[in-house]
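Chain residues, written in single-letter form:
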Amino acid sequence: TDPAIIRNFCIIAHIDHGKSTLADRMLQLTGVVGEREAKAQYLDRMDIERERGITIKSQAVRMPWTVTAGNEAGAEPGTYVLNMIDTPGHVDFTYEVSRSLQACEAAVLLVDAAQGIEAQTLANLYLAMGADLHIIPVLNKIDLPSANVEKYALELANLVGCEPEDVLLTSAKTGVGVEALLNEIVKSVPAPVGDAAAPARALIFDSVYDTYRGVVTYVRVVDGELSHRDKIKMMSTGALHEMLEVGVISPEPMKAAKLGVGETGYLITGVKDVRQSRVGDTVTVNGRQAAEPLGGYEHPNPMVFAGLYPIDGDDYPTLRDALEKLQLNDAALTFEPETSGALGFGFRCGFLGLLHMEITRERLEREFNLDLISTAPNVVYEVHMEDGTVHIVTNPSEYPDGKIAEVREPIVNATILAPADYIGTIMELCQQKRGNLLGMDYLSEDRVEMRYTLPMGEIAFDFFDQLKSKTKGYASLNYERSGDQASDLVKVDILLQGEPVDAFSAIVHKDAAYSYGVMMAGKLKELIPRQQFEVPIQAAIGARVIARENIRAIRKDVLAKCYGGDISRKRKLLEKQKEGKKRMKMVGRVEVPQEAFVAALSTT
Ligand code: GTP
C-alpha cells in the first residue's frame, strides 16, 4: 500500500467516555463489520473486559474509507486506508498505551460531553503529545440531555490549544458526526513517512497468545518491509524466529504477502510465549538487520505483589497451570511458588498495579473455576542493613531481622481531577496517606487538577475506593511511578499463641502500625472460634507487643448437645465435625477456620 493513502490513528479517552462504541461505529460506517456484529463490541474480546467496560489488550484494525467530493472536512476525495489502533485506557497499562501511541501519527481525543476532561484524558493526552501526535479533539455523547457542549468544548479547546469551533461533535451511539470525523482524519492526519529501501524496522505494540496459532504479534512497520518469507529478529534479545504468516486485521485476520512502510498488521512465528515477543521491542529481518532499534524498550516490571492461595489445597496444581496459561498472554504477570504456614501452598504474584491484580484474580476464579484467597497487596521495599547489604522485599514475611539502616519505598506522582468543592476532602485523604501536594490548577471555574507525590504502598490498598466514595464518584485518579524515598516503615506481625501468622504480616508506616495491630487483633478475635484453651492474639513489631486480645477457652464437645440416644443424629454431628475440621488450618495448636483468613484478609 502506498503510504500516502495510509492514516494511522488511535482513540484516547477516559474510561466510559465511549471509545469502544466509537470504534464500533467506525467499523460499521467503513463497512468492515455489519450492524449486528458491531453490537457485540468488536474490539473488546474478553468477557471480563466487556463486563468491566475496560479495554485491556490493544489491537489494530484496517478500514478502507472513501472520501467523496464536497465533504465538510475538505478532505481530498479518494480511497484511503485507515488503521485504527486500540489503546488500553487504564493507568496500570500506561506502558502499553505509550507503545501503541507510537504506532500512530494521530490521536482522537475523545471526551464525554456530559463529563468533561478526566484524569486519564489528561494522562493519555500528555503521552500523545510526548509522542508528537496530531490531536483531534472530539466531544462525544452529544445526544445526552445532560451534555454541556459549550462548556466542555471550551475546556477541551483550552487544553489542546485550538478554538472551540474546531472541536468535533459526535454521538457514537447514534452515529452523528462520525463520518465527518473519518473525513477529518483523512484530511488532517499526516501520512506515515519511512524509508522503504532501508532494513526493516517494525514496532511491536501488542502481542497476544492464541490457542490455535501461538503468539500473534501486532506491529507497525516504520522502515523497509516484512514479508512472510523472512526470518525475523527481535532486537532487544537477538532471538530469531521463523515467520509463518503476515497479515492485516479487517476485522478478521487476512493473510498478506508483506507489510510495508506505515502499515500495521500481525505476524505469526510459532512462538508459544508472549514473553518472546514483547511490547515495545523492534522487529528486524535477519541477514539485513537494522542498526538501531526504535525508541527505548522498557521491560514491564511488576509493582504490586500479593500471595494467591487456593482455598482448597487440592487446587494447587490447577492454580499453577492457570497462572502459566495467563502468563502466555500477559508478559507483565510474574509468579513463583511460596509456602505460608497459615495458607499452605500458593504463589507470590507480581502485577503492574491493583487493577491488573484484580483482573488476574477474577480471570483465575472465573475461567479456571478456582476459589482463591489473596493476601493484602504490597509494593517492593528496599531494606538497607547497617552492614551495607540490601534486601529487596516483595513479601512481608521475608523482611530481614537485624540492624536496619534505612527502608526505601516506591513513590508515585498522582494527578487527581475533581470538582473544586472536594479540594478539602481530597487534601485530607492525601495527607492521611502521607501525600505531598506538588501543585494545583483550575481547569475551569469549578474543576481542579491536584498533583501529589504519594507512597505507592498507600495507593495499593484502598486509596482509590476512598477517593471515589469521598467525592461521590466525581474524582478521577492517574499515577505513575516516580522513584523511591526513605520512610519510617516497620513490619507488624500478628501472633496466635505466640506463633506468627505469616499471611497477616504487613509492612506499614510507623504511625499506622498501632492501628493496624489493633484492627487485626480485634478482627481475629471475632473470627476465630473459641478453643479448648486460651488463645492470646498479639500484634508485634519485632519483640515489642503493640496490641493484644484474648480468645477465652471453652470446652468444645459437640456430643454434649445430644441428650438421649439418637444415634443417627450423633453420627451426623460427628460427620459435620469432621467436615469442619477439613477446612481448619492449624496455627501452632490453634485451629483457625479457613473463613477467618478469608474474612480477615478481604477487608484489609
Ligand atoms: P472503556 O473501554 O472502559 O475505556 O470504555 P469506553 O470508553 O470504550 O466506553 P464505551 O464505548 O464502552 O461506552 C461507555 C458507555 O457509554 C456505554 O454504555 C455506551 O453505550 C455509552 N455511550 C458511548 N457513546 C455514547 C454516545 O454517543 N451517546 C450516549 N448516550 N451513550 C454513549
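Residues numbered from 1 in each chain as written. Predicted model: local features only at pLDDT ≥ 70, side-chain atom pairs only at ≥ 80, totals over all residues. Heavy atoms only, no water.

The name given to the protein chain in an unreviewed UniProt entry is Elongation factor 4, and the organism recorded there is Nocardioides simplex. The UniProt entry for the protein chain carries the following text under Catalytic activity (unreviewed entry): "GTP + H2O = GDP + phosphate + H(+)". (UniProt positions renumbered as here; feature names shortened; annotations may be inferred.)

Here V215 is to be found in strand β8 (residues 214–223). Its relative accessible area of 1% is what places V215 among the buried residues. Along the sequence, V215 and V271 sit 56 residues apart, while their C-alpha atoms lie 5.6 Å from each other. Discounting chain neighbours no more than four positions away, the residues touching V215 are S207, V208, Y209, L267, I268, T269, V271, K272, D273, V274 and S277. (Helix = DSSP H or I, 4+ residues; strand = E, 2+ residues; numbered from the N terminus. Buried < 20%, exposed > 50% of the residue type's maximum accessible area, 1.4 Å probe, protein only. Contact = heavy atoms within 4.5 Å.)

Tallied over the full model, the rule gives 23 salt bridges. Across the pair K141 and D112 runs a salt bridge whose closest N-O atoms are separated by 3.2 Å. Placement of K141 in the loop between β5 (134–140) and α6 (149–160) and of D112 in strand β4 (residues 106–112) is noted, with a sequence separation of 29 residues between them. Connected via shared salt-bridge partners are E406, R408 and D484. (Salt bridge = Lys/Arg side-chain N within 4 Å of Asp/Glu carboxyl O.)

The buried fraction of strand β25 (residues 447–455) amounts to 8 of the 9 residues, a majority that puts the element mostly inside the structure. Inspection of the sheet shows strand β23 (residues 404–419) paired to β25 by 9 bridges, in the antiparallel sense. Across the sheet, the residue bridging to I416 is M450, located in β25. Sheet analysis places strand β24 (residues 436–444) next to β25, joined by 7 bridges and oriented antiparallel. Bridging from a neighbouring strand, M440 pairs with M450 of β25. Between β24 and β25, which pair antiparallel and follow one another directly, the connecting turn spans 2 residues. (Pairing = 2+ DSSP bridges.)

Right, let's talk about the side chain of N83 for a bit. Positionally, N83 belongs in strand β3 (residues 78–86). Filtering out sequence-adjacent residues up to four positions away, N83 remains in contact with I6, R7, N8, F9, V61, R62, G262, E263 and T264.

Bringing the confidence of the model for the protein chain into the picture now. A residue-level look at the protein chain finds 89% of positions with pLDDT of 70 or above and a mean pLDDT of 85. In this model, residues 52–58 is a region of pLDDT below 50 whose contacts with residues beyond four sequence positions or in other chains number 39 contacts. For this predicted complex, the interface confidence reaches an ipTM of 0.97, while the overall pTM sits at 0.74. (pLDDT = per-residue confidence, 0-100.)

Take the sheet that holds β8 next. The 8 strands lie next to each other as β11-β10-β16-β7-β8-β15-β12-β13, forming an open sheet whose pairing is antiparallel. Looking along the sheet, the strands with just one partner apiece sit at the ends: β11 (240–242) and β13 (253–256). Shown here is a sheet whose adjacent strand axes are inclined to one another by a mean of 40 degrees, direction ignored. When strand β10 (residues 231–234) meets strand β16 (residues 282–285), the two strands line up antiparallel, connected through 3 bridges. Bridge pairing links K233 to T284 in β16. (Axes fitted to C-alpha atoms, helices over the stretch in contact; angles between N-to-C directions.)

This brings us to the UniProt feature "binding site: GTP" (unreviewed entry) in the protein chain. According to UniProt, the positions carrying the feature "binding site: GTP" (unreviewed entry) are D16, H17, G18, K19, S20, T21, N140, K141, I142 and D143. Here D16 lies in the loop between β1 (6–13) and α1 (19–29). Looking at D16, the relative accessible area reads 56%, which means it is exposed. Judged by relative accessible area, which is 22%, K141 ranks as partly exposed. Dropping the residues within four chain positions of it, K141 is found in contact with D16, H17, G18, D112, A113, A147, T170 and S171.

To continue, consider unusual backbone geometry. Its identity as a non-glycine residue notwithstanding, D132 has a phi of 60 degrees, on the positive side. When you line up the elements, D132 lands in the loop between α5 (119–130) and β5. We note that K141 has phi near 65 degrees; this positive angle belongs to a residue other than glycine.

Bringing the packing of aromatic side chains into the picture now. Aromatic rings considered in pairs are described by the distance between their centres and by the relative angle of their planes. For the structure shown, the criterion picks out 4 aromatic pairs. Aromatic side chains F335 and F347 sit 5.7 Å apart centroid to centroid with 85 degrees between the ring planes, which places their arrangement in the edge-to-face category. Here F335, found in strand β18 (residues 334–340), pairs with F347, found in strand β19 (residues 344–351); they are 12 residues apart in sequence, far enough to count as distant. Aromatic ring contacts, followed pair by pair, group Y316, F335, F345 and F347 into a single cluster. (Phe/Tyr/Trp six-rings, centres within 6.5 Å; stacked < 30°, edge-to-face > 60°.)

Any two packed helices are characterised by the angle at which their axes cross and by the distance between the axes. At their nearest, the axes of α1 and helix α7 (residues 178–188) sit 10 Å apart, and the two run at 80 degrees to each other. Comparing their axes, α7 and α1 come out roughly perpendicular. Contact with α1, carried on its side by L22, R25, M26 and L29, involves V178, E179, L181, L182 and I185 of α7 and no other residues of that element. A breakdown of the residues in the contact of α1 with α7 according to their chemical character gives 7 nonpolar, no polar and 2 charged. (Parallel < 35°, antiparallel > 145°, perpendicular 65-115°, else oblique. Nonpolar A, V, L, I, M, F, W, Y, C, P; charged D, E, K, R; others polar.)

All of the buried residues in helix α10 (residues 423–432) are I423, I426, L429 and C430. Looking down the long axis of α10, one finds its buried residues gathered within 130 degrees of arc, a one-sided arrangement. Exposed residues on α10 whose side chains face more than 90 degrees from its buried face are E428, Q431 and Q432. Considering only its buried residues, α10 is in contact with β23, β24, β25 and α11 (456–470). After α10 finishes, the residue R434 shows a positive phi value of roughly 65 degrees. (Arc of directions from axis to C-beta.)

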